[in-house]
Amino acid sequence: MRPGNLYLQMQTMKAAICTRYGAPEQLEIRELPKPVCQENQLLVRIMAASVNSGDVKVRSLAVSRFQKFIMKIIFGFYKPRRSILGTVFSGIVEQTGKKTSRFKKGDRVFGMTGFRFGTHAEYITLNEAGIVACMPANASFEEAAALPFGWHTAIYFLDKAGIRKFENPNVLIYGSTGSVGSAAVQVVRFYGATITAVCSSAGGELMDQLRVDKVVYYDRLDFTQLDEKFDIIFDAVGYTNKKICQPLLKKGGSFLTVNGMVMASEKIEHLQLICDLFEKGKCSAVIDKVFPFSEIVAAHRYVDAGKKKGNVDVRINIPFVA
Ligand SMILES: NC(=O)c1ccc[n+]([C@@H]2O[C@H](COP(=O)([O-])OP(=O)(O)OC[C@H]3O[C@@H](n4cnc5c(N)ncnc54)[C@H](OP(=O)(O)O)[C@@H]3O)[C@@H](O)[C@H]2O)c1
């Protein structure tokens, strides 16, 4: 067979490539070879993916000088080595490798890829031992893609705060309207907490939907003036700190923030818990906006603004209806 024929036979897919660190316009949708499934892998046709704060941080490197240096070492000096961003997906198993057994063709799955990225594309190959599970049976692809990022982070940090050991804890969630914050509110409710949420007045409607006990609008009141003490204060957005919050903590109480050196590690148990809770109606996917894949630049711009309520998705292999 001549090389030209081989080229003609190569299957391709669309993927959003980050060509350099910088503005959302550095992203380009290109035609790339469709990945080939190895024997311990699954080939997944991605239906929806989230565009989250992690993706825009890696694309923009809009972080402190020290963080920028560390991130360049990890991700690449001039552009991300893994040029297809995106860490969360939902989709359909199209092919299973010979040495796999957990999934079959046609399974609806969701998951996370962490530092391997690669979900802003029409297809991805994943080790079946990775962070991938069957989607909640009652979830849409958009809902399944919106769940893992915030929920796994919230579960990780609240576990660290020892939420399980408290009986009816009094918890304050600072930054309760983002992806992590809106999940954290739901996680602590699951543990029987009394919840005080701190957000801007633009978040009031969402806080009503999530049934928090008390809301402090940071644009109207300084939450540190509250005459109340908490077992746990979780800064889910990274805009407060322990020194500010210390006077509000009960003796033995915990303060945690997403803005430290601690990275929430992805666990398959978290994905299974999210699935279970969603199927039992104990967790909901908070979706602010869904973009067609062709508008990935606009999706990044929207997330860059730092105002989203919950999550932003892109629809990839599903036809987009606005
Ligand atoms: N360490 C880890 O493992 C880890 C994991 C995941 C995420 N993170 C980090 O956690 C942070 C939050 O992530 P995310 O995806 O949840 O963010 P996000 O969804 O992009 O957060 C946006 C939300 O923050 C609110 N907000 C903006 N300014 C605020 C302020 N001054 N006080 C309180 N709320 C404010 C916005 O609402 P208003 O503008 O209406 O206030 C909006 O609802 C990011 O910095 C991310 O990098 C860390």
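My aim in this report is to walk through the structure given alongside it, one point at a time.

Reading guide: rules and limits
- Residues numbered from 1 in each chain as written.
- Predicted model: local features only at pLDDT ≥ 70, side-chain atom pairs only at ≥ 80, totals over all residues.
- Heavy atoms only, no water.
- Near = heavy atom within 4 Å.
- Polar contact = N/O pair within 3.5 Å; in protein donor to acceptor, adjacent residues only side chain to side chain.
- Areas by Shrake-Rupley, 256 points an atom, 1.4 Å probe, with all protein chains shown as cover.
- Helix = DSSP H or I, 4+ residues; strand = E, 2+ residues; numbered from the N terminus.
- 1 Å grid on protein atoms, 1.4 Å probe; cavity = no way out; pocket = protein on both sides within 12 Å on 5 of 7 lines; lining within 4 Å.
- Points joined across faces, edges and corners; volume = space filled by probe spheres on them.
- Nonpolar A, V, L, I, M, F, W, Y, C, P; charged D, E, K, R; others polar.
- Domains from an automatic or database assignment.
- Buried < 20%, exposed > 50% of the residue type's maximum accessible area, 1.4 Å probe, protein only.
- Pairing = 2+ DSSP bridges.
- Right-handed = clockwise from strand over helix to strand, strands pointing away.
- Phe/Tyr/Trp six-rings, centres within 6.5 Å; stacked < 30°, edge-to-face > 60°.
- Lys NZ or Arg CZ within 6 Å of the ring centre and 35° of its normal.

Considerations on the site of the ligand
Taken together, the neighbourhood of the ligand is formed by 25 residues, with Ser 53, Ser 200, Tyr 218, Ala 264 and Lys 308 sitting nearest. Between Val 258 and the ligand, the recorded distance is 3.2 Å, taken from a backbone N or O atom to a nitrogen atom. Within the contact set of the ligand, a nitrogen atom lies 2.9 Å away from a backbone nitrogen or oxygen of Val 262. Contact with the protein chains hides 89% of the accessible area of the ligand, taken as 930 Å² for the molecule alone. Broken down by secondary-structure element, the contributors of at least two residues to the shell around the ligand are α2 (53–60), α5 (148–160) and α6 (179–190).

Section: empty space enclosed by the protein
In the structure shown here, the tally under the stated rule is two cavities of 30 Å³ or more. Put simply, the largest cavity is a space of about 60 Å³. Trp 151, Ile 155, Leu 158, Asp 159, Ile 163, Val 187, Phe 190, Tyr 191, Leu 273 and Leu 277 together form the lining of the largest cavity. For the lining of the largest cavity, the elements supplying multiple residues, two or more each, are α5, α6 and α9 (268–279). Ranked by the residues each element gives to the lining of the largest cavity, the list is headed by α5, at four residues. Reported here for the second largest cavity is a volume of approximately 40 Å³. Of all the secondary-structure elements, those providing two or more residues to the lining of the second largest cavity are α5 and α6. For the lining of the second largest cavity, the class distribution of residues is six nonpolar, six polar and no charged. Here the lining of the second largest cavity gathers at least three residues from each of two domains, domain 1 (3–147 + 285–315) and domain 2 (150–257).

So, the pairing of strand β8 (residues 170–174)
Of all five residues in β8, five are buried, a share of seventy percent or more. Side chains of β8 alternate between two faces, with Asn 170, Leu 172 and Tyr 174 and Val 171 and Ile 173 buried alike. In the sheet, β8 pairs with strand β9 (residues 194–199) via five bridges, with the strands oriented parallel. Opposite Tyr 174, over in β9, you have Val 198 as the bridge partner. In this region the chain leaves β8, passes through α6 and returns to the parallel neighbour β9; the handedness of that crossover is right-handed. Alignment of β8 against strand β11 (residues 230–235), held across four bridges, turns out to be parallel. Considered in β11, the bridge of Val 171 is made with Ile 232.

Quick notes on the layout of surface pockets
Its volume calculated, the second largest pocket comes out at about 300 Å³. Taken together, 17 residues form the lining of the second largest pocket, with Arg 82, Arg 116, Phe 117, Ile 124 and Thr 125 sitting closest to its centre. Secondary-structure elements contributing two or more residues to the lining of the second largest pocket are β6 (123–127) and β7 (131–134). Of the residues in the lining of the second largest pocket, the class split is seven nonpolar, seven polar and three charged.

A word on unusual backbone geometry
Glycine aside, the phi torsion of most residues is negative, and most peptide linkages are trans. For Asn 168, which is not glycine, the phi dihedral falls at a positive 45 degrees. With respect to the helices and strands, Asn 168 occurs in the loop between α5 and β8. The phi torsion at Arg 211 lies on the positive side, around 55 degrees, for a residue other than glycine. Considering the arrangement of structural elements, one finds Arg 211 in the loop between α7 (204–209) and β10 (214–217). The class of Arg 211 is exposed, set by a relative accessible area of 56%.

Concerning the packing of aromatic side chains
This model, assessed by the stated rule, comprises seven aromatic pairs. Measuring from centroid to centroid gives 5.2 Å for Tyr 174 and Phe 223, while their planes differ by 45 degrees, and the two rings are tilted. One end of the pair, Tyr 174, is in strand β8; the other, Phe 223, is in the loop between β10 and β11, with 49 residues separating them in the sequence. Put simply, the rings of Phe 75, Phe 115 and Phe 117 touch in pairs and so form one group of aromatic residues. Stacked on the ring of Tyr 302, the Lys or Arg Lys 289 has its end atom at 5.7 Å from the ring centre.

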